[in-house]
Amino acid sequence: MDRDKIMLNIVLLEPEIPHNTGAIARTCAACGARLHLIKPLGFDISDKMVKRCGLDYWWLVDITVYENFEDYLEKNGDENLWLATTKAPRDYTQADFSAENVSIMLGKETAGLPEYLRERYREHCIRIPMVSQARSLNLSNSAAILAYEALRQQGFPGLLGTGSMAE
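Below, the structure is looked at part by part. (Residues numbered from 1 in each chain as written. Predicted model: local features only at pLDDT ≥ 70, side-chain atom pairs only at ≥ 80, totals over all residues. Heavy atoms only, no water.)

### Notes on the sheet that holds strand 4 (residues 81-84)
To summarise the sheet geometry, strands pair through backbone hydrogen bonds and adopt either a parallel or an antiparallel arrangement. Spatially, 3-2-1-5-4-6 is the arrangement adopted by the six strands of the open sheet, whose pairing is parallel. Pairing within the sheet leaves two strands with one partner each, and these edge strands are strand 3 (62-66) and strand 6 (125-126). Judged from the five bridges that link them, strand 1 (residues 8-13) and strand 5 (residues 102-106) form a sheet pairing that is parallel. Each bridged residue has a counterpart across the sheet, and for Leu8 the counterpart in strand 5 is Val102. Contacts between helix 5 (residues 139-153) and the sheet are confined to strand 1, strand 4, strand 5 and strand 6, with strand 5 contributing the most and set at about 165° to the helix. (Pairing = 2+ DSSP bridges. Helix = DSSP H or I, 4+ residues; strand = E, 2+ residues; numbered from the N terminus. Contact = heavy atoms within 4.5 Å. Axes fitted to C-alpha atoms, helices over the stretch in contact; angles between N-to-C directions.)

### Quick look at the packing of aromatic side chains
This structure, assessed with the given rule, holds three aromatic pairs. On the basis of an interplanar angle of 85° and a centroid distance of 5.3 Å, the ring pair of Tyr66 and Tyr72 is categorised as edge-to-face. On the basis of relative accessibility, which here comes to 3%, the residue Tyr66 falls in the buried class. Aromatic ring contacts, followed pair by pair, group Tyr66, Phe69 and Tyr72 into a single cluster. (Phe/Tyr/Trp six-rings, centres within 6.5 Å; stacked < 30°, edge-to-face > 60°. Buried < 20%, exposed > 50% of the residue type's maximum accessible area, 1.4 Å probe, protein only.)

### Regarding unusual backbone geometry
Residue Pro40 follows Lys39 across a cis peptide bond; omega there is 5°. Position of Pro40 relative to the elements: it lies in the loop between strand 2 (34-38) and helix 2 (48-54). With a phi angle near 60°, Asn80 is a residue other than glycine that sits in the positive phi range. Relative to the elements of secondary structure, Asn80 occurs in the loop between helix 3 (69-76) and strand 4. Unusually for a residue other than glycine, Phe156 sits at a positive phi of about 50°.

### A closer look at helix 3
All of the buried residues in helix 3 are Phe69, Asp71, Tyr72 and Leu73. Here the buried face of helix 3 lies against strand 1, strand 2, strand 3, strand 4, strand 5 and helix 4 (115-120). Between a side-chain oxygen at the N-terminus of helix 3 and the backbone nitrogen of Glu70 the separation is 3.2 Å; the capping residue is Asn68. (Polar contact = N/O pair within 3.5 Å; in protein donor to acceptor, adjacent residues only side chain to side chain.)

### As for the pairing of strand 5
Within strand 5, five of the five residues are buried, which leaves it mostly tucked inside the rest of the structure. Neither face of strand 5 is open: one carries Val102, Ile104 and Leu106, the other Ser103 and Met105, and all of them are buried. The sheet contact formed by strand 4 and strand 5 spans four bridges and is parallel. Residue pairing in the sheet places Ala84 in a bridge with Leu106 of strand 5.

As structure tokens, this is what we get:
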């Protein structure tokens, strides 16, 4: 596996809450993932809550905004696209994130991913295990869990594995 060619993409379909998107942008900045936002967005991308949650990491975020899902597909395709949904038939540890250019899509906070996408990509739907009484995790927490699982499978390409205590 060529460490320079591996890329992780976090795709948010119609995100509604600015601070979730800001927190996800910060995760993307820290782990070198690209962030893709598919409209409609529930906020203005320049919203101070989005910027505040991303803190001073915005210069590290490779972010692209798309008019709709078809626009996203036209520009990126759907190879290695995984959909995170509480309705998935398997948990995320069963996903193979080791391929180049992996994309993980998460749906909007109030409704998740639409049924037509879940059915279209049924074999690539994954979930994060949780107790039956919990409806879902916070979107930014879910994105972080899945991003780092993908990066773990890829050997954490380009990321520091040790901190200053290693010296």
